[in-house]
Structure formats: structure tokens, C-alpha cells
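Fold and contact review
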Amino acid sequence: MKDAHRKLIDQMTLEEKASLMSGANFWNSKGIDRLGIPSMMLTDGPHGLRKQGGSADHLGLNQSLPATCFPTAATLANSWDPHLGYEVGQALGVEAKAEGVSVLLGPGLNIKRNPLAGRNFEYFSEDPLLAGKMAAALIRGIQSEGVGASMKHYAVNSQEKHRMSIDEVVDERALHETYLEGFRIAVQEGNPYTVMSSYNKVNGDYTNENQPLMDILRNEWGFDGLVVTDWGGNNDRVAGLLAGNALEMPSTGGITDAEIVVAVQDGSLDEAVLDARVAEVLELIDRTAAANPALADLSDVNPDFDGHHDLAVRAAEEGVVLLKNGPAQNPTLPLRRGSCVAVIGDFADDLRIQGAGSSRVNPTRTESPLDALSAAGLNVAGFAQGFKRHGGRSDALRKQAVELASRAETTIVFIGLDESLEAEAADRPHMRIPREQLRLLHDLLAAGHKPIVILVGGSPMELPFADHVDAILAGYLPGQGGASAIANVLVGAVNPSGKLAETYPVVYEDVPSAPTYGNTEAASYHDESIYIGYRYFDKVGGRVRFPFGHGLSYTTFEYSNLQVDAEGVSVTVTNTGTRPGTEVVQVYIGPPETTDFVAPQQLAGFARVTLEAGESASVRIDFSEHAFSVFDVNTGKWRQRKGRYTALVGASSRDIRLEGTVNVDGEEFDLNYDRDVLPRYFSGEVKGIGTSEFAHLLGRTPPPEFWDRSLPITRDSILAQLVGRGGIAGLCGGAITGIGSILHAVGKPMLANNMNFALDMPLRTLPRLSGGAFSESALDDLINVLNGRLPKGNRAASKEAGKTE
Ligand code: BGC
């Protein structure tokens, strides 16, 4: 602890120390005036500032100040361009600083375990190396402006359903190699000032009081900043402090501060632990002083919003992915300027540029694709809505669209996911594009048109039409510059270079976690272990619609002269086409002979190279730190395995152009997996693997996946646990789900999503989030009533009941 902090802390009363451990309100920490300790503002979010001037919320309901809306992480990751990530981070930092925001709550970098996860659009990749490198760059960019970043959500936020209570059960090896590796890279290469713990439990404990997770963060990775809870994500305040979580957000009206005071007084919390957490708050204030209006004059900080808009356009141009461009001899794209185009689809007029929830930004500018297509030089014959994104069947709209298509040379159709399908607090119900949009496509194809399809949405979709159209461009959620970016790519003003940061499965059922994902209540078994995304599909030789790393260009690249050494590869890349372009060169490592189960290849490095037509360049790519290592659960350490590895270099995970081998020094060891006991982990056929083999891998019996409804409701129960019970509890649960259904029925899917949020709230959050307006004793009364007792049963009884669950 710094001397200056020690001195300050020594002047604080116990109550003052405790007061610094939670928010003053929704977005600010507390200060202590008499000691000159200012408060800090912490606000969203990952791809644009969401500073609310008026009413505060963490669902993106109330409008925030205008800010540049950059592409969401899913889009940015397709650039495979950490330098771009840094630039975007820097712009976010300036906009945050100008508003006196000390900490920007992002980036989010959880691993995309399953394509339906509600926040996938906010996360980078299914691969930890790509996610970690992009996040580290963003963090460095944000913090270059003196604003703190908050790497979130640590860790394993794999689903939104029951996110505030679900126990994410993961074997130690998958935990380290898959779910934590990106966070490690982001900590060690980005040095974030803060980390936000996730709402969920990991292997039995809430993350913010999860000692193993906190030990990894601080002791193994050297994190020296402050851990903040997710909003309303505190469970046991004292356990959180002991584990290393300092700040609880938002305000709890002092309820949990008082718990800290009592804990110190009764000896269950050593005051030295509290002092250490207070010092972390003071350190954060120091580190972010340049952005704190109480400590710095910010009147001269004027973000260049025009420049940031241009950066948002460039970021989107790098983030969109050309998935398909046929026919081979005469590709559809780019379109000739002056081409007469019919523009179809609800999203073509009003593009979806971002997802819903706490990351929602109020953009400084909005662009319509229709205008952008004209501005890019296309002759727009007209626009037809084709479908209503939140509406039902409309034969008339489809008919108009087909008529319009017959009046143009080329048809461009914007289809994809609507706002309600990609939102925080709700996972997607399926991987399909809404039926009415598919009908539209069907009608166009049946009438002989071959539309260019622009996909709108931040995660993979089933594309049953893929073989029947010539061109597909994944626009993702491109931020406020998205319309220009898409138009520029369509006309070839920009040569696309984005590559998928995730696999596009053919159908959802092909995904390894599909059989159980989102279908359980209390625990979610990550029983596919290390086989996430391409690691699974490659292991079983499974079909995919578009592989990880895939993305086309208007030019072609040839790879030659591969040289592999122990540190990395050198390869010559030549632009063999007729226009300048950028290639993302990817290096995968195949394992040596081993008696352990392993993925057939894993990303170990990548680089972007921009080349004029005919130009060649030698590209050097160093191997990542853990390219030759596995996490050994027996020693609890990463270990580099000696052996002869394969280096696979190419344009996607399934477009490997060159291969070489490399002998790597290291240890000779065995993870002691028993092939007879874990046959499906060895074959990779992990889909629907069942509890018994997973339990062997885990080394213990996993906790029950479903709630035991015979147990009483407790403070830790979530509202969803009331559903399906008898008595008053069942009535209350039924009422909440009923409101959700009504909202869906009346075309208010976004509000209905917020009912999910309510259903996933543990009862203990009621007093805290209401700042005490709903008192602890009222909560006890409520729990008694829900359990069919008289309201005035005592608190001890409801607490006691909690222990049995
Ligand atoms: C989200 C966080 C966000 C916070 C504040 C939570 O619901 O999970 O990502 O930063 O709200 O809005």
C-alpha cells in the first residue's frame, strides 16, 4: 500500500472505510469530502459511452447523452486488428473523459460458448487468443486517455438465462484454456484498472466472492487494480471483500456498508482486509485523476465527433465479412457504380447498428443504408419494406418487394435479427432468421431474382438459403458508420477484409452444447469441455456453413515460402488479383503425438497485411504464449509439452495454405486422462455426453441442474423459482410471466425481455437495489408469505431455510 493511501486510511473512521465499498448512486462511487476524496463516475459501455443525464438504469431503457456508437465487439473482432481496437478504445476514452467518466465499463470478452447467448454481440470470439488480443488493445486505448477500463464479465457469462444465479460448471482445464485465457491476455497485455465480476456462479461460488477466480486474477496474472461487482451482482458483501472484490455497484442505500461495519466489529472481517480494499479504491482514483472533474480541468477536452464518426465507419468497414461471392467466374460483387438496385428489407431503411441492454448507445449520427447506397453511386430504383421486423405475416409487403425487384438490375435484401432477438438478459430462442423474412427471400428466388443478402445481427444465424444466392455480406452490428461501410463494400470502394471470429454452424443442432444449453435451471454443465466452436467441429470433422476465420476479398492472395521456427512463422503473401486488399493471415498449431485428448488445431497467431495488386510481403507472426502448452489439472499449472508440432498457415481455419513442423522444447508429461473412462472426450463426440462422463472429467459429481421445488423460497431464490409452485409463490411467478407473455402478444418484445431480467433477480437484491425502501424486514415477511407462512415469521427462520437449499 502506498504511504499516502495508508495515511489517508488511518484518518478514516470504520464507517467511512465501509462507505467507500459501495456506490453513492447508480453510476458514482462515494467520496469523503472531509478528506478530499472525490467520487468517481463509472458508466457503460463497451462500444460507446452511455452516460445517462436523467433517470438511470442498467438495461439501456433511458436515453443517454449522444456518443459515437462504434461497432459492437462481435463486429470489431472480425477485423482481427488490435491496432483498430486501440484506436476505438482511445476515442471511447476521450468521449468518456470529456464527460468526467473515470471508468468505462468494458470491454466484455466472455467466450462465445453457444451461438444463442444473449450477449454474444457484446463479446469478441469463440477463441480466447483473438478475444484477449482485441480486448487488451481496447483497454490500452481507453486507458491511454486516463480513463479506466473495466474488463468484464469475469468470468464464464455463457448465458443470460438465470444469469444472476446459474452455476456455470466447468472442468479446470476448459476453464483455464478456454474461458480464462482471454482474460489472462487482457490483464497481462492490457493492464485494466478494473475488472467487473460476472453475475453467475462458477463451480459453486458467485464470481465476486470466488476465491479461486480472484486468486488467479491477482496472484497468477498479477492484476493490481480494483474488482467491481456487476450492477446488483453482490451476494455476500463480506465474502466479496475477503475474496478481493472492493466496490459494490450501484448504491445499496448503505445496507451492505453497515454489514461490513458489523463484520469488522464482530471479528469476522479483519480490518486490514477492508483497508486493502479501500486502498484499491484510492489507487483507482489516482489512476483516473485525469478524467475526474474533481481533480482535473476537463473544459478543454473536446472529442472530435466527426473524426470519431469516420473512425466508426472505418471500423465497420473492417468488421463486415463477405461470406459468399459467386459465381466463381463472374462474382456478383462489387457492384458497378450506377447499377440499378432494388433495396429491400425493413433494416435497409432503419439499420440495426447495435444490441439492446446496458451497452445501448445514443449515436451522434444515424445513417440509412438507402441513403448510403445512393451516396456510394448506386442508382436506387426504390425501397420496399418486404417485412415488418416485429410484425407477422404480410403477403402485401412481400408482393411489393418482388415487384420492385423486377424493375431493377440487382436486388439487395437486408434481413436478420430484430432488436428483441439480441439483448442482454435474454438468450435467443433459436438460431433462425424470423420466418417472414425467409418467406420474402423465398418469393424473390421463386420469381427468378438472386438477391445479394446483407445479414443484420451480431451472431450466427442459420442460412438455409445460402446455396441459392450468390452473395452474402455479414454486416453484423456495425455501429453508426455501418450503413456507409456496407455501401462502400458493396461498390468496391472498400475491399472487404473481415474474417469471422466465430463459426457459422449449418443448423443449431450441430452445436455441441445444443442439447442442454439454456434448458436447465440451477446449473449449466459445460460438458463439451474444451470443444468450443471450431475446436469441436474440426475434431469431429463436422460440417459448418462458414468456418472460423473465413472471409472473402475482391482480390486473391497466394501464400508461399513458409518458414517455421520455435518462436513463430514467416510467410510470403502475394496479392495476385487486380486491386489492393488486406489479408488476415492465420496461424494454427496442431498438437504433437500425445496420449491426452486435444483439439486438432488452435489459433496461435495472426496478422493483417495490406498489399497493392501484384505486391508481395513477408509476414512474421510470433506464436502466442500458450501455443504449445496445456493446462495440467494435476499440477494446477500451464505446462509446455515437448514434441513435434504442426504449424498450419492460411486464410481461415479450413483454408490452410501451407504447413510446416516445429520441434518444441518442454516437458514430457501426461494429463492422466483414462481413454476408457472418457472415450467421448477422446473422440470429440461430446454432444449430449451425459453426466457420468462429465463427472469423471470434473473429478466430482456436478451439482443438480434443476431446482428442488420442495425446498422453501429463500433470500437467494430468484423470482423465476416462484413459477410452477403452489400458493402465493406460484401466483406471483405466474403474474410476472403472464405480463411478459402479454407484452410479447401486444408487440412489445423489448419490454418483455425486461421481465426476464426481473425473473432472474434474487430476492436479496430487493432491499439493496431499492436503497432500503423495500426493507430487509419486508423481505423476510415476503419470504414467509411465499413459503405459505404468516408474514411476521422471524428473519432467522427465512435465513435458516436458506441454508437448506
Ligand atoms: C451489465 C453490465 C453493465 C451494468 C451497468 C449490468 O446489467 O451486466 O455489463 O456494465 O449493468 O449498466
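Up top you'll find the structure we're talking about.
The subject of this paragraph is the overall build of the protein chain. Within the protein chain, the regular secondary structure consists of 24 helices and 26 strands. Its C-alpha atoms give the protein chain principal-axis dimensions of about 80 × 65 × 60 Å. Among the 805 residues that make up the protein chain, the fraction classed as buried is 64%. Within the protein chain, counting contacts between residues at least 6 apart in sequence, those at least 24 apart form 76% of the total. For the protein chain, the accessible surface area stands at approximately 27600 Å², while carbon and sulfur atoms represent 50% of it.

Taken as a whole and judged by the stated rule, the model has 19 aromatic pairs. On the basis of an interplanar angle of 85° and a centroid distance of 5.4 Å, the ring pair of Tyr154 and Phe183 is categorised as edge-to-face. Residue Tyr154 is found in strand S4 (residues 148-154), and its partner Phe183 is found in helix H6 (residues 172-190); the two are separated by 29 residues along the sequence. On the basis of relative accessibility, which here comes to 0%, the residue Tyr154 falls in the buried class. Since its relative accessible area comes to 1%, Phe183 is described here as buried. Each ring, one from Tyr536 and one from Phe537, has its centre 5.2 Å from the other, and the planes form 70°; the classification is edge-to-face. Both residues of the pair, Tyr536 and Phe537, count as buried.

As a further point, take the nonpolar core. Ranked by internal contacts, the top residues of the largest apolar core, which has 192 residues, are Met151, Tyr154, Leu217, Ile412, Phe414, Leu455 and Phe465. With near-sequence residues (within four places) excluded, Leu455 lies in contact with Leu323, Ile415, Ile433, Met461, Leu463, Phe465, Ile472, Leu473, Ala474, Gly475, Tyr476 and Tyr504. Formed by 24 residues, the second largest nonpolar core is a distinct cluster that contains Val573, Val585, Ile621 and Val664.

With that out of the way, let us pick up empty space enclosed by the protein. Counted under the stated rule, the structure contains eight cavities of 30 Å³ or more. Residue lining of the largest cavity: 31 residues in total, with Arg535, Gln602, His626, Ala627 and Ser629 positioned closest to the centre. Mapped onto the lining of the largest cavity, the elements with two or more residues apiece are helix H5 (128-143), H6, strand S20 (581-590), strand S21 (602-611) and strand S23 (629-632). If you tally residues by element for the lining of the largest cavity, the top one is H6, at six residues. Of the residues that constitute the lining of the largest cavity, the class distribution is 16 nonpolar, eight polar and seven charged.

According to the stated counting rule, one finds 55 salt bridges in the structure shown. We note a salt bridge from Asp275 to Lys17, for which the minimum N-O separation is 2.9 Å. Of this pair, Asp275 sits in helix H10 (residues 271-287) while Lys17 sits in helix H2 (residues 14-19), placing them 258 residues apart in sequence. For Lys17, a relative accessible area of 6% gives the class buried. What you see here is one network of salt bridges that share partners, running through Arg393, Asp395, Arg398, Glu436, Arg439 and Asp443.

Right, let's talk about the layout of surface pockets for a bit. Of the pockets and cavities examined, the largest pocket occupies roughly 1200 Å³. Around the largest pocket, the lining comprises 48 residues; the ones closest to its centre are Leu421, Asp427, Arg428, Pro429 and His744. Broken down by secondary-structure element, the contributors of at least two residues to the lining of the largest pocket are helix H15 (435-446), helix H20 (727-745) and helix H21 (749-759). Counting residues per element, the lining of the largest pocket draws most heavily on H21, at six residues. Its residues assigned to classes, the lining of the largest pocket shows 18 nonpolar, 16 polar and 14 charged.

Right, let's talk about the site of the ligand for a bit. In the neighbourhood of the ligand, 15 residues make up the surrounding shell, with Asp44, Arg119, His153, Asp230 and Glu424 lying closest. At 2.7 Å, a side-chain N or O of His153 approaches an oxygen atom of the ligand. In this structure, Glu424 approaches the ligand through a side-chain N or O atom, which is 2.8 Å from an oxygen atom. Contact with the protein chains removes 100% of the 310 Å² of surface that the ligand exposes when unbound. Here the residues of the shell around the ligand sort into five nonpolar, three polar and seven charged.

For helix H7 (residues 211-220), the complete set of buried residues consists of Leu213, Met214, Ile216, Leu217 and Arg218. Gly222 sits one or two residues past H7 and shows a positive phi near 80°.

Here we come to the environment of Ala186. Along the chain, Ala186 turns up in helix H6. Taking the C-alpha atoms as reference points, Ala186 and Gly267, separated by 81 residues in sequence, lie 37 Å from one another.

Attention now goes to the packing of helix H14 (residues 395-405) against H15. As a packed pair, H14 and H15 sit with axes 10 Å apart at the nearest point and diverge in direction by 35°. Of the two possible hands of crossing, H14 and H15 adopt the one that is right-handed. Together, Arg398, Ala401, Val402 and Ala405 of H14 and Glu436, Arg439, Leu440, Asp443 and Leu444 of H15 make up the contact between the two elements. Across the contact of H14 with H15, the residue classes tally to five nonpolar, no polar and four charged.

The next subject is the pairing of S20. Counting buried positions along S20 gives ten out of ten residues, so the element sits mostly inside the fold. By the alternation rule, side chains of S20 split into Gly581, Glu583, Val585, Val587 and Ile589 and Thr582, Val584, Gln586, Tyr588 and Gly590, which are all buried.

To continue, consider the sheet that holds strand S26 (residues 655-664). Across the sheet, four strands lie side by side as S21-S20-S25-S26; this open sheet has antiparallel pairing. Edge positions in the open sheet fall to S21 and S26, since each of these has one partner strand only. Across this sheet, the average inter-strand angle for adjacent strands is 20°, counted without regard to direction. Where S20 lies against S21, nine bridges are found, and the strand directions are antiparallel. Along S21, the bridge assignment pairs Glu583 with Val609.

Right, let's talk about the pairing of strand S15 (residues 452-456) for a bit. The two faces of a sheet get side chains in turn, since along a regular strand they alternate between them. Counting buried positions along S15 gives five out of five residues, so the element sits mostly inside the fold. Both faces of S15 are covered, namely the face carrying Ile452, Ile454 and Val456 and the face carrying Val453 and Leu455. Two strands pair when backbone bridges link them, and strand S14 (residues 410-416) and S15 are joined in this way by five bridges, in the parallel orientation. Counterpart to Phe414 in the pairing with S15 is Ile454.

Okay, the sheet that holds strand S6 (residues 194-197) next. With parallel pairing, the five strands of this open sheet are ordered in space as S1-S3-S4-S6-S9. Each of the sheet's edge strands pairs with one partner strand only, and the pair in question is strand S1 (42-43) and strand S9 (226-228). Two strands pair when backbone bridges link them, and S1 and strand S3 (residues 103-104) are joined in this way by two bridges, in the parallel orientation. Note that in S3 the partner of Thr43 across the bridge is Leu104. In this fold H7 packs onto S4, S6 and S9, with an angle of close to 145° to the strand it touches most, S4.

Criteria and thresholds
- Residues numbered from 1 in each chain as written.
- Predicted model: local features only at pLDDT ≥ 70, side-chain atom pairs only at ≥ 80, totals over all residues.
- Heavy atoms only, no water.
- Helix = DSSP H or I, 4+ residues; strand = E, 2+ residues; numbered from the N terminus.
- Buried < 20%, exposed > 50% of the residue type's maximum accessible area, 1.4 Å probe, protein only.
- Contact = heavy atoms within 4.5 Å.
- Areas by Shrake-Rupley, 256 points an atom, 1.4 Å probe, with all protein chains shown as cover.
- Phe/Tyr/Trp six-rings, centres within 6.5 Å; stacked < 30°, edge-to-face > 60°.
- Core = buried A, V, L, I, M, F, W, Y, C linked by side-chain atoms within 4.5 Å.
- 1 Å grid on protein atoms, 1.4 Å probe; cavity = no way out; pocket = protein on both sides within 12 Å on 5 of 7 lines; lining within 4 Å.
- Points joined across faces, edges and corners; volume = space filled by probe spheres on them.
- Nonpolar A, V, L, I, M, F, W, Y, C, P; charged D, E, K, R; others polar.
- Salt bridge = Lys/Arg side-chain N within 4 Å of Asp/Glu carboxyl O.
- Near = heavy atom within 4 Å.
- Polar contact = N/O pair within 3.5 Å; in protein donor to acceptor, adjacent residues only side chain to side chain.
- Axes fitted to C-alpha atoms, helices over the stretch in contact; angles between N-to-C directions.
- Left-handed = near helix turned anticlockwise from the far one by under 90°.
- Pairing = 2+ DSSP bridges.

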